[in-house]
Amino acid sequence: MRFFFIQLSDTQLGMAATLSGAGNPKRAEMLARGLCPPEFEETTGFAYETERYEKAVAAANRLRPAFVVITGDLVQDPEDLAQVAELRRITALLDDDIPIHLAPGNCDVDNTPTPESLALYRERFGDDNYSFDHGGVHFVVFNTGIAFDPSCAPGEWDAQLEFLRSDLGGAMGRRIVAFGHHPLFGYSPADPDSHMVIPTERRRVLLDLFAEHGVEAMFAGHWHKNAGGAAGGFRMVISGPVGVPLGDDPSGIRIVEVHDSGLQCAYHGFDDLPGAVNVRDIP
Ligand SMILES: [Fe+2]
């Protein structure tokens, strides 16, 4: 059981242009309130994200992970077909023998998902709650947008819980790792509710479920910077973005080594990528 995978998050093609306020009738107000970072004031299109996502895919092709996972916010605006086409174009540059797994983010299915936003995502990218196995480890991907706010998506939270109970139950006794966009918490299970984390009401349910089934860790994004914490033996890892950073961490990728005694991971900015990953060196 020695392999590594690469987590990408928040490729979010089009975010830099959105931060410019271009095309936004409230741009003057945004500028006055300092909501348009100076470096993005003239940005249009998605060249900023294209450059970085292409670097991420090139790194994966060079490093040869067991698989790549993108933990959501694939694009800024799912209604923008050019963004979706660019996401597909760059994703297709990944070598055919490296599997890629996608999770939706709030930008992909809305902060409050609806039957329509979920249907559009599923039609384009397939299941949003699913699992796969590699090297004896069970990996479960779930749509955290539903756990964040299921109020406009009737039946989805119950269906998600049913899926997780069944899937995790079937993997009982094996090592299990979860992926999603919103983290369960940022630093501690007692974190207050906010836009940044799954609300306490459903966080508790998921944490109990994960504890019951021995889920080892969850890898998420959403924050556009690195963070993380622990709850008992469960580790919550939040990774910085491929796209626009919103903190001190640069755009980059997370390399996660899976070895017999646990997980070992490190975030790398695109200017700080390793020459190779040799999991045989893990103690
Ligand atoms: Fe994002």
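Right above here is the structure, for reference.
Quick caveat: nothing in here was measured; it's all calculated off a predicted structure.

Caption draft 1: Spotlight on the sheet that holds strand 1 (residues 3-8). Ordered in space as 3-2-1-10-11, the five strands form an open sheet in which the pairing is mixed. Edge positions in the open sheet fall to strand 3 (100-103) and strand 11 (262-269), since each of these has one partner strand only. With strand direction ignored, the average angle separating the axes of adjacent strands in the sheet is 20°. The pairing of strand 2 (residues 68-71) with strand 3 spans four bridges and is parallel. Across the sheet, I70 pairs through a bridge with L102, a residue of strand 3. In the packing of helix 3 (residues 47-63) onto the sheet, contacts are made with strand 1, strand 2, strand 3 and strand 10 (252-259), and the angle to strand 1 comes to roughly 175°.

Caption draft 2: Representation of the nonpolar core. Within the largest apolar cluster, 53 residues are counted, with the highest numbers of intra-cluster contacts made by L184 and F210. Take this core: its biggest share by element is six residues, from helix 3. Each residue touching F210, except ones within four places of it in the same chain, is listed here: F142, L168, A178, L184, V215, M218 and F234. One finds F5, F132, V258 and L263 within the second-largest nonpolar core, a separate group that totals 20 residues.

Caption draft 3: Here's a closer look at the coordination of the iron ion. Coordination of the iron ion by the protein comes from D10 (OD), Q12 (OE1), D73 (OD) and H224 (NE2), over a distance range of 2.1 to 2.2 Å. Relative to the metal, the four donor atoms surrounding the iron ion lie at angles of 88 to 179°, and the coordination shape comes out irregular. Counting gaps between the donor residues of the iron ion yields the pattern D-x1-Q-x60-D-x150-H. One end of the pair, Q12, is in the loop between strand 1 and helix 1 (15-20); the other, D73, is in the loop between strand 2 and helix 4 (81-91), and 61 residues separate them in sequence.

Caption draft 4: Structural context of the environment of S117. With respect to the helices, strands and loops of the structure, S117 is situated in helix 6 (residues 115-125). When its relative accessible area of 10% is taken as the criterion, S117 is described as buried. Considered as a pair, S117 and D77 are 40 residues apart in the sequence and their alpha carbons are 11 Å apart. When sequence neighbours within four positions are dropped, the list of residues in contact with S117 reads D108, V109 and D110. Within polar-contact distance, the side chain of S117 engages the backbone oxygen of V109 at 2.8 Å.

Caption draft 5: Up close: the packing of aromatic side chains. All chains considered together, the criterion is met by 16 aromatic pairs. Between F185 and F234, the aromatic rings sit 6.3 Å apart at their centres with planes inclined by 70°, giving edge-to-face as the arrangement. In this pair, F185 sits in the loop between strand 6 (175-179) and helix 9 (200-212) while F234 sits in strand 9 (residues 234-238), placing the two residues 49 residues apart along the sequence. For the pair shown, F185 and F234 are each scored as buried. Each member of the aromatic cluster is reached from another via a ring pair, and the members are F3, F5, F67, F132, F139, F179 and F219. Lying across the ring of Y48, R52 places its NZ or CZ 3.6 Å from the centre.

Conventions adopted
- Residues numbered from 1 in each chain as written.
- Predicted model: local features only at pLDDT ≥ 70, side-chain atom pairs only at ≥ 80, totals over all residues.
- Heavy atoms only, no water.
- Pairing = 2+ DSSP bridges.
- Helix = DSSP H or I, 4+ residues; strand = E, 2+ residues; numbered from the N terminus.
- Axes fitted to C-alpha atoms, helices over the stretch in contact; angles between N-to-C directions.
- Contact = heavy atoms within 4.5 Å.
- Core = buried A, V, L, I, M, F, W, Y, C linked by side-chain atoms within 4.5 Å.
- Buried < 20%, exposed > 50% of the residue type's maximum accessible area, 1.4 Å probe, protein only.
- Donors = N, O, S within 2.8 Å, 3.2 Å for Na, K, Ca; no water.
- Tetrahedral: all angles 85-135°; square planar, octahedral: opposite > 155°, others 65-115°.
- Polar contact = N/O pair within 3.5 Å; in protein donor to acceptor, adjacent residues only side chain to side chain.
- Phe/Tyr/Trp six-rings, centres within 6.5 Å; stacked < 30°, edge-to-face > 60°.
- Lys NZ or Arg CZ within 6 Å of the ring centre and 35° of its normal.

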